[in-house]
Amino acid sequence: MVKLAVSGKGGVGKTTLTAVLAHLFARDGYNVIAIDADSDMNLPSALGVKDVKPLSGLKDVIEQRVKGPLGTYKVNPKVDDVFEAYSVRNEDGVRVAVLGTIEKGGDGCFCPENAFLRAILRHAIFRENDVLLIDMEAGIEHLGRGTAKGVDLLIAVVEPGVRSFETLSRIEKLAEDIGIDRVGVVVNKYIETERSRELVENLDKPLLGVIPYSQAFIEADLENLPPYRVVDLEPFIEIKNNILRMVDR
Ligand SMILES: Nc1ncnc2c1ncn2[C@@H]1O[C@H](COP(=O)(O)OP(=O)(O)OP(=O)(O)O)[C@@H](O)[C@H]1O
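No experiment lies behind these values; they were computed from the predicted model shown.

K.L.:
Help me out: how do you make sense of the overall build of the chain in this one?
P.N.:
Helix and strand counts for the chain come out as 10 helices and 8 strands. Buried positions account for 45% of the 249 residues belonging to the chain. Sequence separation of at least 24 residues holds for 76% of the intrachain contacts in the chain that already meet a minimum separation of 6.

Here it is in structure tokens:
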């Protein structure tokens, strides 16, 4: 079981990376579960599926499962069956689920959706051969330590620019704060210049890979095609292999 969270600023390519990795892991025979926890919720279309009911829409069920006596929350609500029913399989057999809006609270937000995500991350159904991929936003602090504990590797996606690399230090700090000790970096939309090469070479975190800027991604988007049908998969294969190495597989 490998649990991976993909994080980064809006528009850097989190959804694209998550979708292509899901495809590659499925192609390798892994049982892949992809969860969209980003408020944009465009992972399903990047994976070629429609009409995925958000897990957060299951307010009643969620509440039933997570509510304990006297306003407390159960730490381990049972989620397997709901997850099974509320995910859609794509043509590769990837199970796609959408979390829906997470209310962002301050520290220690125990809103039902979070308890649910925590439960999914911690134990649901997972078997040895499973890969769980979560497409997240940059702000992962609301997940809290409980959720993060389940994550083997946080993949930080950045574009080669000083501002984006500043976000990276923020993501690293967040990961550390909530107890994720492994962070790997993917540089996306890479255009080779002296400065960008320098930025990448001086990265002080493990580099999982570099994906060149390419018109093919924009075309995939325009045609509403999953990116893995259109783009060069080579850089993604390298990233996938480095991920497996980093999580000791
Ligand atoms: N290597 C690349 N070269 C060119 N365009 C790219 C590349 N990677 C992604 N894109 C394009 O950038 C846009 C944003 O990508 P994507 O939706 O994957 O980002 P995101 O980080 O998930 O965004 P959001 O935070 O809005 O969900 C899309 O139009 C996508 O096709």
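From this point on, the discussion continues.
K.L.:
Is there a simple way to think about the nonpolar core in this case?
P.N.:
Generally speaking, soluble globular proteins have nonpolar side chains that are buried together. Formed by 60 residues in total, the largest nonpolar core has its most connected members in Ala22, Val32, Ala34, Leu133 and Ile155. Broken down by element, this core gets its largest block of residues, 8 residues, from helix α1 (residues 14–27).

K.L.:
Honestly, the confidence of the model for the chain in this entry has me stumped. Any pointers?
P.N.:
In low-pLDDT segments, the atomic positions of the prediction should not be examined closely. Of the residues in the chain, 78% reach a pLDDT of 70 or more, and the chain-wide mean stands at 82. Confidence drops under a pLDDT of 50 for residues 104–110, and excluding neighbours within four residues, the segment shows 11 contacts in the predicted structure. Here the predicted complex scores 0.87 on pTM and 0.98 on ipTM.

K.L.:
Which parts of the structure should I look at to understand the site of the ligand?
P.N.:
As a matter of local geometry, the ligand sits amid 19 residues, with Gly13, Lys14, Thr15, Thr16 and Phe217 nearest to it. Elements with a minimum of two residues in the shell around the ligand: α1, β7 (183–190) and α9 (215–222). Looking at the shell around the ligand residue by residue, the classes come out as 5 nonpolar, 9 polar and 5 charged.

K.L.:
Could you clarify how one ought to interpret the packing of α1 against helix α10 (residues 234–246) in this entry?
P.N.:
Any two packed helices are characterised by the angle at which their axes cross and by the distance between the axes. At a minimum axis separation of 10 Å, α1 and α10 run at an interaxial angle of 70 degrees. The angle between α1 and α10 places the two elements in the roughly perpendicular class. Contact with α1, carried on its side by Val20, Leu21, Leu24 and Phe25, involves Phe236, Ile237 and Lys240 of α10 and no other residues of that element. In the contact of α1 with α10, the residues fall into 6 nonpolar, no polar and 1 charged.

K.L.:
Is there a simple way to explain the sheet that holds strand β4 (residues 95–98) in this structure?
P.N.:
Two orientations exist for strands paired in a sheet by backbone hydrogen bonds: parallel and antiparallel. Taken in spatial order, the 8 strands make up an open sheet running β3-β4-β2-β5-β1-β6-β7-β8, and their pairing is mixed. Every other strand in the sheet has two partners, leaving β3 (88–89) and β8 (207–212) as the edge strands with one partner each. Its contacts with the sheet put α1 on β1 (2–8), β2 (31–36), β5 (130–135), β6 (153–158) and β7, and the angle it makes with β5 is roughly 170 degrees.

K.L.:
Explain the pairing of β1 here, please?
P.N.:
Here is the key point about a regular strand: its side chains alternate between the two faces of the sheet. Taking burial as the measure, the 7 residues of β1 include 7 buried ones, the bulk of the element. Looking at chain direction, β1 and β6 are connected through 5 bridges and run parallel. By the bridge assignment, Leu4 is partnered in β6 with Leu153.

K.L.:
Please explain α10 as it appears in this structure.
P.N.:
For an α-helix, 3.6 residues make a turn, and residues three or four places apart therefore share a direction. In a regular helix each residue adds 1.5 Å, so 13 residues correspond to 18 Å; α10 covers 18 Å between its end C-alpha atoms and thus fits that length. Taken together, the buried positions of α10 are occupied by Pro235, Phe236, Ile239, Lys240 and Ile243. In a view along the axis of α10, the buried residues occupy a sector of 140 degrees, so they form one face of it. For α10, the exposed residues lying more than 90 degrees away from the buried face are Glu234 and Arg245. Along its buried surface, α10 packs onto β1, α1, β6, β7 and β8.

K.L.:
Explanation requested: the pairing of β7 in the structure shown.
P.N.:
Counting buried positions over the 8 residues of β7 gives 8, a clear majority of the element. Judged from the 5 bridges that link them, β6 and β7 form a sheet pairing that is parallel. Across the sheet, the residue bridging to Val157 is Val186, located in β7. Judged from the 4 bridges that link them, β7 and β8 form a sheet pairing that is parallel. From the neighbouring strand, Val185 faces β8, where its bridge partner is Leu207. Between β7 and its parallel partner β8, the chain crosses via helix α8 (residues 194–201), and the hand of that crossover is right-handed.

K.L.:
When you look at the environment of Thr18 in this model, what are you seeing that I'm missing?
P.N.:
Positionally, Thr18 belongs in helix α1. Residues within four places of Thr18 in sequence aside, it is in contact with Val6, Ala34, Leu43, Leu133 and Asp135.

The rules behind these values
- Residues numbered from 1 in each chain as written.
- Predicted model: local features only at pLDDT ≥ 70, side-chain atom pairs only at ≥ 80, totals over all residues.
- Helix = DSSP H or I, 4+ residues; strand = E, 2+ residues; numbered from the N terminus.
- Buried ≥ 20, exposed ≤ 12 C-beta atoms within 10 Å, placed from the backbone.
- Contact = placed C-beta atoms within 7 Å.
- Core = buried A, V, L, I, M, F, W, Y, C linked by C-beta atoms within 7 Å.
- pLDDT = per-residue confidence, 0-100.
- Near = placed C-beta within 6 Å.
- Nonpolar A, V, L, I, M, F, W, Y, C, P; charged D, E, K, R; others polar.
- Axes fitted to C-alpha atoms, helices over the stretch in contact; angles between N-to-C directions.
- Parallel < 35°, antiparallel > 145°, perpendicular 65-115°, else oblique.
- Pairing = 2+ DSSP bridges.
- Expected span 1.5 Å × (residues − 1).
- Arc of directions from axis to C-beta.
- Right-handed = clockwise from strand over helix to strand, strands pointing away.

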